[in-house]
Amino acid sequence: MGKKTISKVPVSKLVWQWTENVPPDQITDEHLYTAYHLKLGKCNACRKNCSSNPICLRGLGEGFWLRDGNYQNVLEDDVKDIKSGVRKDGDFVGLKNLGATCYVNTFLQLWFHNLSFRRAVYSYKENVTDDQKAESNSKFPHTVCGHLQLLFAMLQCGKRKNIDPTSFVNCLGLDTALQQDAQEFSKLLLNLLDRTSSVGNFLCHEFCGEYDYCTTCNTCGNVSKCPSKFYELDLSIQGHKDVIQCLKEFFKEEQLINENQYHCASCDCKRDASRRIVIKELPRTLNLQLLRFVFDKKTWNRKKLSSFLSFPDTLDMSTFVTSDNVAAIDAVYELTAVLIHRGPSASSGHYIAHIKDSTTQFWHRFNDEAIEKMKSGKKLDLDALTTDDYQADMPQPAKKPKLNKGTHSSKDAYMLVYTKKQQMSSSIESPPGIPELAKITVEKDNADFFACMNAMIIEAEKKASEETKKHSVMGNLLKQMVDMEQAELLSDCYWVPTMWLKRMLNVSAGVKNSFSTDKIFCTHKKLDPHKVGGMKCIPKILADHLFEMYEQETPRITNQMLCLQCVKEHCFSLRLKSSLKEDQTTVSKLLKDFSSTEENEYYYIGRSSLQSWKAMATRIFELKNRNNQIIQTVQSNEDNDEWNRRNENEDSFESSDEDFNFNEDLLCEHGNFTTDYKQYRRVSSSVWNILVKYFPDAPVYKTSSATPCHICKDKEYDAEQAAELKKMVAHEQKSCLHNLFLNKNRPNYEDLYAINDSSFYIVSAEFVRKWREYVKYSSKNEVVSQVQNKILICPHDKLLCDPVISLNNFDNYDKDDISTMLLWPEEWGYLTKNFIVDVPISIKKHIMVSEEQNGVKNHEQCEIEHQEGTILKEVPIAPSSHATNIESNNNVPQAPIENGSSTEIKVNITPVVILDQIVNEKSSLKVVLHFTPELCQDCIVGRAVQKEHSLRNYTDREIYIKKVILDKMKSWSNEFKKPSQENCVRKSKRAHTTPGGKKITVSSNWTLKELKIKIMHMFSVPPFDQNLWLEDKILTDNSATLGSLSVLPNCTIILIADEPDDNAQEMLPVISNNDQVLEEGFKGTSLLTNS
């Protein structure tokens, strides 16, 4: 047998079960306490707090206070944390990373551990007065070298575990959020220090070497030497596995032949020659810069070479020295520092330094604030970088090559520092003494640091003593609360929110705020019984202690503030819902079993009312309840604000429900029984008797007495007659204007310029569109009775557009533009008889005879009336300045050509008889169109300019980029050739992507340079390799906007990329790229003050 399942009743329903048998007027204190969850009993073994039980006081955070408060351990931990910032004897001091200044920290640590360099910096003297020296005020230091001197003094004698290099970084003017090139920083700062006499002399002695560029003529053997000094050797690592190979490439002999021949002074002509670098003098400290960051032409950015490079502990430079001045023993170097760049790219990552202490000969790793002594002691260990220091998002390092003893390998090393072995083994130097002024500053900083640390320790001890006392008092009170009996607790208690109590008992909760009664009080200003789930009953003595301890003015809520009125209202509501549920079941069954033959008389009920009667009954109860609450609140508190707020809530509540009362949905707008039978339903008297007890004031309509509204009947009849009339008028207009409705047999260019006396008339395309909609759907649209041509007239009472240009362009009708339709005289006659025309617009044709006499054409204007036979009657008329002329041969119409305010068509014909005279073959007739009213040239041109301006000013529109190969230039040039006027067809409004083209979203205010950068990301073609063609012109002005370059929406731009092809330069024009943006680097800093 399976287990018997017992359904658990929620507490929120369990505490109200008594309402089934107890009416609201018989509620006692027992029922009141039950509704407020006070009869659930006290929990004694709960592992988790019961949120629904207000007297369950476990799991609220009291466990911390019931345990013994061992604040002595906390105090010891706090003191330990405070003292952790003190430098230990024999340890080195770290440097704080200010954001992206790790590259600065690595070189500061490198130079600090060079005792000779440190001694040279200490020899620098600031120009300060005696008063400044005595006071050691904020004016010291004020130079870069002075800041470096003070920083070295803090690293040597400071008592802080880490120091802040902000003053030094700010003096240089560096951006702390921008990571710069470390090698460039080293060169610029050393160059800046070189201009300081004392430090500059040392730099030359310590880091400077000298070599000659020796060029030997292959013909006469003459040797030319060009001396040069160096502070470091820049070694290319690409394609090399160790430093020795890099050095061999650096000192490799170079052949100068062909176009690179050398001009020999002895031969006095260009000769083949060889060139090599010969070292004359080696520095005491040799800096080898490994060129890991190179420029990638494909991405147009610098990239990092992450190949492994090995380097030895001992470097013998004697193989690269040919000068007799350098002894072999002076060419042996020992590795003393390795600088590492950790990261996948040149624009990001982290810099750290591995430095050998010149005093103890132990290796240390300097990573900003973290300084670690190598476990291997006097041996360098770089393998630690492959575990903790590589981030998860970085590529895994390649397999490390096998190494010989005394050799190291790294894929991230970018600088190696070697010191002469003879110099290191001669004697162990002691750290130099710091200058007096810097010493005073360091001692003052140490004193301030220890004073601050001691003050923090005293504060921690005071806080620990106070917490111990508070813990003892709170623990005793909470123990009494847990052990207190239920009757004793309820006799003298306070109600508080559960979240507030947890926050008070939680030590790490932060700010302890008071609680508000706005969300826990009902409208009667008492405790809401529906908010008990978030409240707790605690002893008065504990509540008073919490209020006093946190100095809060918190409201005191006792059992006297339990709301009896709310309990009664909820009791009535639950009983009402139960009754509604039973009646709804009965009504549904009666409606389902309803038969029209059971009774003689029935009732009409609105379908909406019948569907939502239960919700409407509940709504009526809630409205009555709200009104009673408002009246009680105003009578007891005289609170006008509360009255207004409740009214607003009531209005918003009413507006959210149905806007009619029960059974009023079967009334018409006149208050009578509706004529629409779909809005009501017949029900039996049994159903009506159940519903009427909830809605006693509802209107009653029986089948024997319900009479439909006669006003609505009359309106329905009138509406049917009007619809028939509209349908008849539409049918008549459609039959009379059949071709206009179907857009067939419309006047075209041939009709407009035919040699006859026909006239034409113009209406707006907007009128035709509305009229066609009306004729097609006469029942849904209003009757169109007016021809509104006023929209085609400008403020000068002239035509706003040229009707010939937009001749019957109805298929391309644009609501934002003004289009026209051309009508036949018969169609215009019907419109004038049956429509109201505000402005008549007509086109009248005139004929001009052109005859060439003595090489000059003589024009005689005449009006032609066609008669039987071949005789034409001549009627001279005055010439007009407003004419439209368009010329055509062989009676084939062409697109109109603008010529002032006129459009002209010339038709060459065979000899014609005019006034019984023969016109020879050199004569011709011209059709001249006269518009009434005449064309307004100013407005037409203005609209054209405005339209062109709108086309050139757009935002987030699409264009297409198509990349082609040079040998396909002919095919794409033919593909994008402008179509001729003869082949013009209606253009689709849908955008078609060019085959192989890519879509890109641009704006007219973009510059060509911005577009090229976007194209670079799409096609991986750098801007300087892009040749962009728009139709038959190349776009070269990178600072010009796309709008000024006529790059319009949906256009196609051809991209031709410069490829390494021998014939490419002959096929493409030369484009200047002088606007390339260079990296700013250290521009604007103190490192480039003199550059």
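Residues numbered from 1 in each chain as written. Predicted model: local features only at pLDDT ≥ 70, side-chain atom pairs only at ≥ 80, totals over all residues. Heavy atoms only, no water.

### Here we look at the overall build of the protein
Line of reasoning, step 1. For the protein, the helix and strand inventory stands at 31 helices and 40 strands.
Line of reasoning, step 2. Taking the contacts inside the protein whose residues are at least 6 apart along the sequence as the reference set, 73% of them involve residues at least 24 apart.
Line of reasoning, step 3. Entry remark: accessible area of the protein is about 61,500 Å², with carbon and sulfur atoms responsible for 48%. (Helix = DSSP H or I, 4+ residues; strand = E, 2+ residues; numbered from the N terminus. Contact = heavy atoms within 4.5 Å. Areas by Shrake-Rupley, 256 points an atom, 1.4 Å probe, with all protein chains shown as cover.)

### A look at unusual backbone geometry
Line of reasoning, step 1. With omega at -5°, the peptide bond leading from Thr 932 into Pro 933 counts as cis.
Line of reasoning, step 2. Structurally, Pro 933 can be placed in the loop between strand 35 (924–932) and helix 28 (937–951).
Line of reasoning, step 3. For Lys 525, which is not a glycine, the phi torsion comes out positive at approximately 65°.
Line of reasoning, step 4. For Lys 525, the location among the structural elements is in the loop between helix 16 (498–505) and strand 22 (535–539).

### Quick word on the environment of Ser 345
Line of reasoning, step 1. As for its placement among the helices and strands, Ser 345 is situated in the loop between strand 15 (332–342) and strand 16 (350–356).
Line of reasoning, step 2. Judged by its relative accessible area of 22%, Ser 345 falls in the partly exposed class.
Line of reasoning, step 3. Sequence separation between Ser 345 and Lys 303 is 42 residues; the distance between their C-alpha atoms is 5.8 Å. (Buried < 20%, exposed > 50% of the residue type's maximum accessible area, 1.4 Å probe, protein only.)

### Quick word on the side chain of His 240
Line of reasoning, step 1. Structurally, His 240 can be placed in the loop between strand 5 (233–236) and helix 12 (243–250).
Line of reasoning, step 2. For His 240, a relative accessible area of 17% puts it in the buried group.
Line of reasoning, step 3. Here Glu 249 takes part through its side chain, which lies 2.3 Å from a polar atom of the side chain of His 240.
Line of reasoning, step 4. In contact with His 240, not counting residues within four places along its chain, are Gln 245, Cys 246, Glu 249, Phe 308 and Leu 309. (Polar contact = N/O pair within 3.5 Å; in protein donor to acceptor, adjacent residues only side chain to side chain.)

### Some remarks on the pattern of salt bridges
Line of reasoning, step 1. Across all of its chains, the model carries 20 salt bridges by this definition.
Line of reasoning, step 2. When the shortest N-O distance is used, the salt bridge between Asp 593 and Lys 589 registers 3.3 Å.
Line of reasoning, step 3. Judged by its relative accessible area of 44%, Asp 593 falls in the partly exposed class.
Line of reasoning, step 4. Overall, the relative accessible area of 56% leaves Lys 589 in the exposed class.
Line of reasoning, step 5. Where Arg 746 meets Glu 827, a salt bridge forms, and the shortest distance between an N and an O atom there is 2.8 Å. Here the residue Arg 746 occupies a position in the loop between helix 24 (738–742) and helix 25 (749–752), and Glu 827 occupies one in helix 27 (residues 825–834), the gap between them amounting to 81 residues. (Salt bridge = Lys/Arg side-chain N within 4 Å of Asp/Glu carboxyl O.)

### Let's talk about the sheet that holds strand 9 (residues 273–281)
Line of reasoning, step 1. Reading across from one edge, 4-3-9-6 is the order of the 4 strands in this open sheet, with antiparallel pairing throughout. Bordering the open sheet on either side are strand 4 (223–230) and strand 6 (254–256), each of which pairs with just one other strand. Sheet twist, expressed as the average angle between the axes of neighbouring strands with direction ignored, equals 30°.
Line of reasoning, step 2. Where strand 3 (residues 209–217) and strand 9 come together, 8 bridges link them in antiparallel fashion. Across the sheet, Tyr 213 pairs through a bridge with Ile 277, a residue of strand 9. (Pairing = 2+ DSSP bridges. Axes fitted to C-alpha atoms, helices over the stretch in contact; angles between N-to-C directions.)

### Some words on the packing of aromatic side chains
Line of reasoning, step 1. According to the stated counting rule, one finds 31 aromatic pairs in the structure shown.
Line of reasoning, step 2. Consider the rings of Trp 111 and Phe 117, whose centres lie 5.7 Å apart with planes at 25°: the pair is stacked.
Line of reasoning, step 3. Residue Phe 117 is classed as buried on the basis of its relative accessible area, which comes to 0%.
Line of reasoning, step 4. Put simply, the rings of Tyr 103, Phe 107, Trp 111, Phe 112, Phe 117, Phe 152, Phe 185, Phe 202 and Phe 207 touch in pairs and so form one group of aromatic residues. (Phe/Tyr/Trp six-rings, centres within 6.5 Å; stacked < 30°, edge-to-face > 60°.)

### Points about the nonpolar core
Line of reasoning, step 1. Counting residues in hydrophobic clusters, the biggest one holds 56 residues, and the most contacted among them are Phe 117, Phe 185 and Leu 189.
Line of reasoning, step 2. Per-element accounting of this core gives the leading share, 9 residues, to helix 8 (residues 144–157).
Line of reasoning, step 3. Discounting residues that sit within four places of it in the chain, Phe 117 has contacts with Trp 111, Leu 148, Phe 152, Leu 190, Leu 193, Phe 202, Leu 203 and Phe 207.
Line of reasoning, step 4. In this structure, Val 15, Val 22, Leu 478 and Leu 490 belong to the second largest nonpolar core, which totals 49 residues. (Core = buried A, V, L, I, M, F, W, Y, C linked by side-chain atoms within 4.5 Å.)

### Section: the sheet that holds strand 38 (residues 1026–1030)
Adjacent strands of a sheet form backbone hydrogen bonds with each other and so pair up, either parallel or antiparallel.
Line of reasoning, step 1. The sheet built from 5 strands is open, its strands ordered 37-36-40-38-39 with mixed pairing. The sheet is open, and its two borders are formed by strand 37 (997–1002) and strand 39 (1033–1035), each paired with just one other strand. Across this sheet, the average inter-strand angle for adjacent strands is 35°, counted without regard to direction.
Line of reasoning, step 2. Inspection of the sheet shows strand 38 paired to strand 39 by 3 bridges, in the antiparallel sense. Following the sheet pairing, Leu 1028 is matched in strand 39 by Leu 1035.

### Description of the environment of His 949
Line of reasoning, step 1. Looking at the element boundaries, His 949 is found in helix 28.
Line of reasoning, step 2. Take His 949: its relative accessible area is 52%, and that puts it in the exposed class.
Line of reasoning, step 3. It is 9.0 Å that separates the C-alpha atoms of His 949 and Gly 1043, two residues lying 94 residues apart in sequence.

### Section: the environment of Tyr 418
Line of reasoning, step 1. With respect to the helices, strands and loops of the structure, Tyr 418 is situated in strand 20 (residues 413–420).
Line of reasoning, step 2. Taking C-alpha positions, Tyr 418 is 8.3 Å from Thr 314, a pair spaced 104 residues apart along the chain.
Line of reasoning, step 3. Look past the residues within four positions of Tyr 418 in its chain and what remains in contact with it is Arg 284, Thr 285, Leu 286, Leu 288, Phe 311, Pro 312, Asp 313, Leu 315, Tyr 333, Glu 334, Leu 335 and Thr 336.
Line of reasoning, step 4. Within polar-contact distance, the side chain of Tyr 418 engages the backbone oxygen of Pro 312 at 2.7 Å.

### Considering the confidence of the model for the protein
Line of reasoning, step 1. Scored by pLDDT, the protein comes out at a mean of 77, with 76% of its residues at no less than 70.
Line of reasoning, step 2. When the criterion is pLDDT under 50, residues 1–7 qualifies, and its contacts beyond four places in sequence or with other chains add up to 0 contacts.
Line of reasoning, step 3. Across residues 975–995, confidence stays below pLDDT 50; counting only partners more than four residues off in sequence or on other chains, it has 22 contacts. (pLDDT = per-residue confidence, 0-100.)

### Regarding the packing of helix 4 (residues 71–83) against helix 14 (residues 436–483)
Line of reasoning, step 1. One way to put it is that helix 4 packs onto helix 14 with a least axis distance of 10 Å and a crossing angle of 165°. Taken together, the axes of helix 4 and helix 14 are roughly antiparallel relative to one another. Helix-helix and strand crossings are classified by hand; for helix 4 and helix 14 the assignment is right-handed. Only Met 453, Met 456, Ile 457, Ala 460, Glu 461, Ala 464, Glu 467, Thr 468 and His 471 of helix 14 make contact with helix 4, whose side of the interface consists of Tyr 71, Leu 75, Asp 78, Val 79, Ile 82 and Lys 83.
Line of reasoning, step 2. When the residues that make up the contact of helix 4 with helix 14 are grouped by side-chain class, the tally is 9 nonpolar, 2 polar and 4 charged. (Parallel < 35°, antiparallel > 145°, perpendicular 65-115°, else oblique. Left-handed = near helix turned anticlockwise from the far one by under 90°. Nonpolar A, V, L, I, M, F, W, Y, C, P; charged D, E, K, R; others polar.)

### Some thoughts on a negative patch on the surface
Line of reasoning, step 1. On the surface, a cluster of negative charge is made up of Glu 76, Asp 77, Asp 78 and Asp 81.
Line of reasoning, step 2. Considering the arrangement of structural elements, one finds Glu 76 in helix 4.
Line of reasoning, step 3. A relative accessible area of 45% places Glu 76 in the partly exposed class. (Patch = residues over 30% accessible without salt bridge, like charges linked within 9 Å, V, L, I, M, F, W, Y side chains within 5 Å. Lys, Arg positive; Asp, Glu negative; His and termini not counted. Charge placed at Lys NZ, Arg CZ, Asp CG, Glu CD.)

### Let's talk about the pairing of strand 17 (residues 363–367)
Line of reasoning, step 1. Among the 5 residues that make up strand 17, 5 are buried, leaving the element largely enclosed by the rest of the structure.
Line of reasoning, step 2. Pairing of strand 16 with strand 17 involves 4 bridges; the strand directions are antiparallel. Residue pairing for strand 17: Lys 356 is matched across the bridge by Trp 363.
Line of reasoning, step 3. Hairpin connection between strand 16 and strand 17: a loop of 6 residues separates the two successive antiparallel strands, and Gln 361 in this loop has a positive phi of roughly 65°.
Line of reasoning, step 4. With 4 bridges connecting them, strand 17 and strand 18 (residues 370–373) associate as antiparallel partners.

### Considering a nonpolar patch on the surface
Line of reasoning, step 1. There is a patch of nonpolar side chains on the surface, built from Val 9, Leu 14 and Leu 40 and spanning about 220 Å² of accessible area.
Line of reasoning, step 2. Considering the arrangement of structural elements, one finds Val 9 in the segment before helix 1 (11–14).

### Regarding the packing of helix 18 (residues 564–592) against helix 22 (residues 685–692)
When two helices pack together, their arrangement is captured by the angle between the axes and the distance separating the axes.
Line of reasoning, step 1. Direction vectors running N to C along helix 18 and helix 22 enclose 160°, while the axes themselves pass 10 Å from each other. Of the possible angle classes, the one that applies to helix 18 and helix 22 is roughly antiparallel. Here helix 18 and helix 22 pass one another in a crossing that is left-handed. Taken together, the residues of helix 22 that come into contact with helix 18 (itself represented by Asp 583, Thr 586, Val 587, Leu 590 and Leu 591) are Ser 686, Val 687, Ile 690 and Leu 691.
Line of reasoning, step 2. For the contact of helix 18 with helix 22, the per-class residue count stands at 6 nonpolar, 2 polar and 1 charged.

### Digging into helix 10 (residues 182–194)
Line of reasoning, step 1. Compared with an ideal rise of 1.5 Å per residue, which puts 13 residues at 18 Å, helix 10 spans 18 Å between its outermost C-alpha atoms and is within 8% of the ideal.
Line of reasoning, step 2. Those residues of helix 10 not exposed but buried are Ala 182, Gln 183, Phe 185, Ser 186, Leu 188, Leu 189, Leu 190, Leu 192 and Leu 193.
Line of reasoning, step 3. Two to three positions downstream of the cap, the backbone nitrogen of Gln 183 sits 3.3 Å from a side-chain oxygen, assigning the N-cap of helix 10 to Asp 181. (Expected span 1.5 Å × (residues − 1).)

### Considering helix 18
Line of reasoning, step 1. Taking 1.5 Å per residue as the helical rise, helix 18 with its 29 residues ought to reach 42 Å, and the 42 Å between its terminal C-alpha atoms agrees with that figure.
Line of reasoning, step 2. Every buried residue of helix 18 is listed here: Cys 566, Val 567, Glu 569, His 570, Cys 571, Ser 573, Leu 576, Leu 580, Asp 583, Val 587 and Leu 591.

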